[in-house]
Amino acid sequence: MKKRIRVVQQILQEKGLYDGAIDGIAGPITMRALASIDEVNSSDPKTRQITTFVQVEANKRGIDAGPVDGLWGPQTNAAFEELVYRIENGEPTPEWRPDEIEIQNPNQWPVQRTPEFREFYGERGTRQVMLDFPYPMRLSWDLRIQCRRTQCHENVYDSLGRVLQKVKEIYGENSIRELHLDQFGGCLNERPIRGGSAWSMHSWGIALDFDHRRNALHWGRDRAAFAHPDYNDWWKCWEEEGWISLGRKRNFDWMHVQAARLPE
Ligand SMILES: [Zn+2]
């Protein structure tokens, strides 16, 4: 928290709105400066005001912090780290290009949270079908529980089947198990994104999670197992069908893959 406040103080100072100490303490001078920012609501709790300011400043610099909701989720966290990097280095983090892969969109997946998306997938939790997995999965939350099938949206059914079939052909069941590609964390789940207010792509049954223990939500490629080259083929299987990995694209939530594009 202190670091966040220090960064906020620093930006406010650059704007000429703050002349107090850069001490990481949200005292009255800091809060008064924040109150002069249009998007910040000074009746919100302090942490929410600080988060809102970080989101606004990141978005202004073209760093995608997601919706400005004052809630600190993984996307805000990633945007904050980028913001800090830019302040410290005076330039953006060099772009990360895993294998220079162009992600095709053969199934015309829509961009998330757009009218086209609503048109394509409809209401949350509707038009669900059952897909039998081509290899046995285990529930990543409780590995004793076998999982032979999942619910998913009818529009992703064929593609998802092809992806998993290909994974099976490329890796084989032994490697699948060794690499935890059978540790399934769920697909359909109607809930807001963790630490945010927008609905998760899981709410439509078009996103899947795998091996969440070794790909924790806030971990970047330095820690996430799925960032390792052993998984290049795994990602190729998904990306050939246009599925988007938040890890590969945004460097957080490496457990997650979805049949929706991200806004550019
Ligand atoms: Zn997910």
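This structure is a prediction, so every number in the text was calculated from the model and none was measured. (Residues numbered from 1 in each chain as written. Predicted model: local features only at pLDDT ≥ 70, side-chain atom pairs only at ≥ 80, totals over all residues. Heavy atoms only, no water.)

To continue, consider the overall build of the chain. Along the chain, the regular secondary structure elements total 8 helices and 6 strands. Secondary structure elements of the chain, listed N to C terminal, follow the sequence α-α-α-α-α-β-β-α-β-β-α-β-α-β. By its C-alpha atoms, the chain is 60 × 35 × 35 Å across when sized along the principal axes. Sorting the 264 residues of the chain into buried and exposed places 48% on the buried side. The long-range share in the chain, meaning contacts at least 24 apart out of those at least 6 apart in sequence, stands at 57%. In the chain, the 35 positive side-chain charges and the 39 negative ones have mean positions that sit 4 Å from each other. (Helix = DSSP H or I, 4+ residues; strand = E, 2+ residues; numbered from the N terminus. Buried < 20%, exposed > 50% of the residue type's maximum accessible area, 1.4 Å probe, protein only. Contact = heavy atoms within 4.5 Å. Lys, Arg positive; Asp, Glu negative; His and termini not counted. Charge placed at Lys NZ, Arg CZ, Asp CG, Glu CD.)

The pairing of strands in a sheet comes from backbone hydrogen bonds and takes either a parallel or an antiparallel form. Strand order in this open sheet of 6 strands is β2-β1-β3-β4-β6-β5, and the pairing throughout is mixed. Each having just a single partner strand, β2 (142-153) and β5 (244-245) make up the two edges of the open sheet. As paired elements, strand β4 (residues 207-210) and strand β6 (residues 256-258) share 3 bridges and run antiparallel to each other. What sits directly across from D209, in β6, is H256. Contacts from helix α7 (residues 232-240) reach β1 (128-139), β4, β5 and β6, with the element oriented near 175 degrees to β4. (Pairing = 2+ DSSP bridges. Axes fitted to C-alpha atoms, helices over the stretch in contact; angles between N-to-C directions.)

As assigned here, the chain comprises domain 1 (2-89) and domain 2 (107-258). On a C-alpha basis, the centres of domain 1 and domain 2 stand 32 Å from each other. Listed as interface residues are 10 residues of domain 1 and, on the opposing side, 9 residues of domain 2. Summed over both sides, the interface between domain 1 and domain 2 buries roughly 730 Å², with carbon and sulfur atoms accounting for 62% of that surface. (Domains from an automatic or database assignment. Buried area = accessible area lost by both parts, 1.4 Å probe.)

Counted by the stated rule, this structure contains 17 aromatic pairs. Cation over ring: R4 sits above W72, and NZ or CZ is 3.5 Å from the ring centre. Above the ring of W199, the side-chain terminus of R124 is found at 3.6 Å from the ring centroid. (Phe/Tyr/Trp six-rings, centres within 6.5 Å; stacked < 30°, edge-to-face > 60°. Lys NZ or Arg CZ within 6 Å of the ring centre and 35° of its normal.)

Turning next to the pairing of β2. Pairing analysis gives 8 bridges linking β1 to β2, with the strands arranged antiparallel. Residue pairing across strands places L131 opposite T150, the latter belonging to β2. Here β1 hands over to β2 after 2 residues, the two strands then running antiparallel side by side.

With that settled, the discussion passes to α7. Looking only at α7, the buried set comprises W234, W235, C237, W238 and E239. Residues of α7 that are buried in the fold lie against β1, α6 (157-178), β4, β5, α8 (246-250) and β6. Two residues or fewer past α7, G242 is found with a positive phi of approximately 85 degrees.

Let us look at the pairing of β4. Taking every second residue as pointing to the same face, both faces of β4 are buried, with A207 and D209 on one and L208 and F210 on the other. Note that strand β3 (residues 183-186) and β4 share 2 bridges and pair antiparallel. For F184, the partnering residue across the bridge sits in β4 and is F210.

What follows deals with the side chain of S203. With respect to the element layout, S203 can be found in the loop between β3 and β4. Residue contacts for S203: discarding those within four places in its chain leaves R124, G125, L188, N189, E190 and R191.

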